[in-house]
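# Observations on the three-dimensional arrangement
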Amino acid sequence: MASHTRHALHQLRIEVNRDPERFVTEVYTRMFAIDPDLRDLFGVSMAAQHEAFHRVIDHVLEAIPAATGHTELVELLAQLGRDHRKYGVEPEHYHIMYSALMGEFAELMAEYWDSETQQTISQAMMLVTGVMRGAAETATDPARWTAEVVEKYRITRDLAVVRLIAHSPLRFRPGQYLEVQVPQWPKVWRNLSSSIPPNPAGELEFHVRAVKGGTVSSAIVGDTRVGDVWTFAQSHGTLHVDRDRKVLMVAGGTGLAPLRALLIEMSKRVDNPPTHIFYGTRHPGELYDLAVLRRIASTNPWLQVTAVSEHEHDPWWINSVATPEELGIEHHIGTLADVVPRAGNWEDHQVLVAGSPQMIETTRRKLIIAGVRASRIQHDPVF
Ligand SMILES: Cc1cc2nc3c(=O)[nH]c(=O)nc-3n(C[C@H](O)[C@H](O)[C@H](O)COP(=O)(O)OP(=O)(O)OC[C@H]3O[C@@H](n4cnc5c(N)ncnc54)[C@H](O)[C@@H]3O)c2cc1C
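Treat the numbers as computed from the prediction; the structure is a model and nothing was measured.

Next up on the list: the pairing of strand E11 (residues 350-354). Within E11, five of the five residues are buried, which leaves the element mostly enclosed by the surrounding structure. Side chains Gln350, Leu352 and Ala354 of E11 all project onto a buried face; the interleaved residues Val351 and Val353 project onto the opposite face, where all are buried too. Direction of pairing for strand E7 (residues 247-252) relative to E11: parallel, over a ladder of five bridges. Looking at E11, one finds that Met249 is bridged to Leu352. Alignment of E11 against strand E12 (residues 377-378), held across two bridges, turns out to be parallel. Bridging from a neighbouring strand, Leu352 pairs with Gln378 of E12. Once the chain exits E11 it traverses helix H12 (residues 357-369) before rejoining the sheet at E12, and the crossover so formed is right-handed.

Have a look at this one:
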């Protein structure tokens, strides 16, 4: 790559990163000025959108001049193009995005903006918008699909299970998460992991915890009703089990969902690798799905279940489910990150970790310190 190209993109990245929020706001303002109807595609709050947009542009400006990684960049842009269909983004909108970006870049680069720089940056942005648009146009799966809530029940004051029946065939793999929009928060998308594998009946099940101050999760736990129609978009995630290596699963709270889906899928076969799941919550009474895990283990000798809770006893407000002791399941006190590395030698295992971003990060770090190769640890992206 010519040194001028490298230099122009490098300089542009510096200018963008001087004030990312201002840059993104200006680009969106330019887009909405070209086509005011575009604003309607997005939710009221665009904070997450702004952050993601800046992350992508920053990554593009870093990745294009780099010596390697171009295939991954194209894959990422194609995925973004497919994902953006859920907002109602149409192929012609990509030209608006290109024009808005070029207008803002010209202003940011002021003194560096000569015809050579303009051409270089134009080519880079044509690549970005062209790949996204092409992927969106050639995608064969539907941009959105719907399912109806048929059952919802609360497990604790901040945890609910929601069951739905899809209106069209399911197209995701066990262990994946789905982009979801609920009627209480139109145009706002969140990720939820399916806790059961896809099936011909179109049944879906989600375990949702209302996070403190959380908009969508609180609405699901508090307000979701039978008959609500949820909208879904793409499925993502690569959690999987290789058949040639012992398995360690570490599930924190509702992080159990994708691992539970994999276990249910595995239980259809007899020749699974030995699998040990540690399921942890803050209080023992929050281990709501322990009975289901015990049921799977009772007919699948390859599965071992261990319960973990940070506290030994429940506070008064938890209506306790059956305790690990009552279910005959080994119970450790502590955090998953502390308990799991000490509970065995996991060096020759494939490891799947699911839970809150903080739980994933600490558990991963402590397992690596305990000798597990980083490349053998899988988890979903941490946002
Ligand atoms: C791959 C993936 C799979 C997921 N699967 C599930 C699932 O199966 N079940 C489920 O309940 N949730 C799941 N989540 C989390 C979910 O997507 C939402 O992020 C979460 O429900 C909060 O959304 P909200 O709109 O209520 O909060 P927001 O309104 O977006 O945020 C409000 C506040 O909560 C904080 N917050 C956001 N997310 C979390 C979190 N996970 N833990 C603690 N604090 C948080 C924010 O920092 C902010 O301060 C998953 C997330 C990812 C990335």
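There's plenty left to go through after this.
A few words now on the pattern of salt bridges. Under the definition given, this model contains 19 salt bridges. Here Arg13 ties to Asp58 by a salt bridge, and the two come within 2.7 Å at their closest N and O atoms. Within this pair, whereas Arg13 is found in helix H1 (residues 3-18), its partner Asp58 is found in helix H3 (residues 47-63), the two being separated by 45 residues in sequence. Take Arg13: its relative accessible area is 24%, and that puts it in the partly exposed class. A relative accessible area of 17% means that Asp58 is categorised as buried. One continuous salt-bridge network, built from bridges that share partners, spans Glu151, Arg163, Glu205, Arg260 and Asp289.

Here Arg163 shows up in strand E2 (residues 159-166). By relative accessible area, Arg163 is classed as partly exposed at 25%. Apart from the residues lying within four places of it in its own chain, the contact partners of Arg163 are Glu148, Val149, Val150, Glu151, Tyr153, Leu204 and Glu205. A distance of 3.4 Å separates a polar atom in the side chain of Arg163 from a polar atom in the side chain of Tyr153.

What follows concerns the packing of aromatic side chains. Counted under the stated rule, the structure contains 13 aromatic pairs. The interplanar angle of 5 degrees and the centroid separation of 5.8 Å between the aromatic rings of Phe23 and Phe105 together place this pair among those described as stacked. Of the two residues, Phe23 sits in helix H2 (residues 20-34) while Phe105 sits in helix H5 (residues 93-109), which places them 82 residues apart along the sequence. For Phe105, a relative accessible area of 0% corresponds to the buried category. Here the aromatic cluster, defined as three or more aromatic residues joined through ring pairs, consists of Phe23, Tyr28, Phe32, Phe42, Phe53, Tyr87 and Phe105.

A separate point is the pairing of strand E6 (residues 229-236). The element E6 is largely enclosed, with a buried count of six among its eight residues. Looking at chain direction, strand E1 (residues 145-156) and E6 are connected through four bridges and run antiparallel. The residue of E6 that forms the bridge with Ala147 is Trp230. In this structure, strand E3 (residues 177-181) lies alongside E6, joined through four bridges in antiparallel fashion. Note on E6: the bridge partner recorded for Val180 is Phe232.

Let's shift gears to the domain arrangement of the chain. Looking at the assigned domains, one finds that the chain contains domain 1 (3-138), domain 2 (145-236) and domain 3 (247-378). For domain 1 and domain 2, the distance between their C-alpha centres works out to 31 Å. Of the residues lining the interface, ten residues belong to domain 1; the matching set on domain 2 comes to six residues. Summed over both sides, the interface between domain 1 and domain 2 buries roughly 650 Å², with carbon and sulfur atoms accounting for 51% of that surface. Its largest share of buried area at the contact with domain 2, domain 1 owes to Gly43, Asp83 and Lys86, together 55% of the area lost on that side.

Reading the values: rules and limits
Residues numbered from 1 in each chain as written. Predicted model: local features only at pLDDT ≥ 70, side-chain atom pairs only at ≥ 80, totals over all residues. Heavy atoms only, no water. Buried < 20%, exposed > 50% of the residue type's maximum accessible area, 1.4 Å probe, protein only. Helix = DSSP H or I, 4+ residues; strand = E, 2+ residues; numbered from the N terminus. Pairing = 2+ DSSP bridges. Right-handed = clockwise from strand over helix to strand, strands pointing away. Salt bridge = Lys/Arg side-chain N within 4 Å of Asp/Glu carboxyl O. Contact = heavy atoms within 4.5 Å. Polar contact = N/O pair within 3.5 Å; in protein donor to acceptor, adjacent residues only side chain to side chain. Phe/Tyr/Trp six-rings, centres within 6.5 Å; stacked < 30°, edge-to-face > 60°. Domains from an automatic or database assignment. Buried area = accessible area lost by both parts, 1.4 Å probe.

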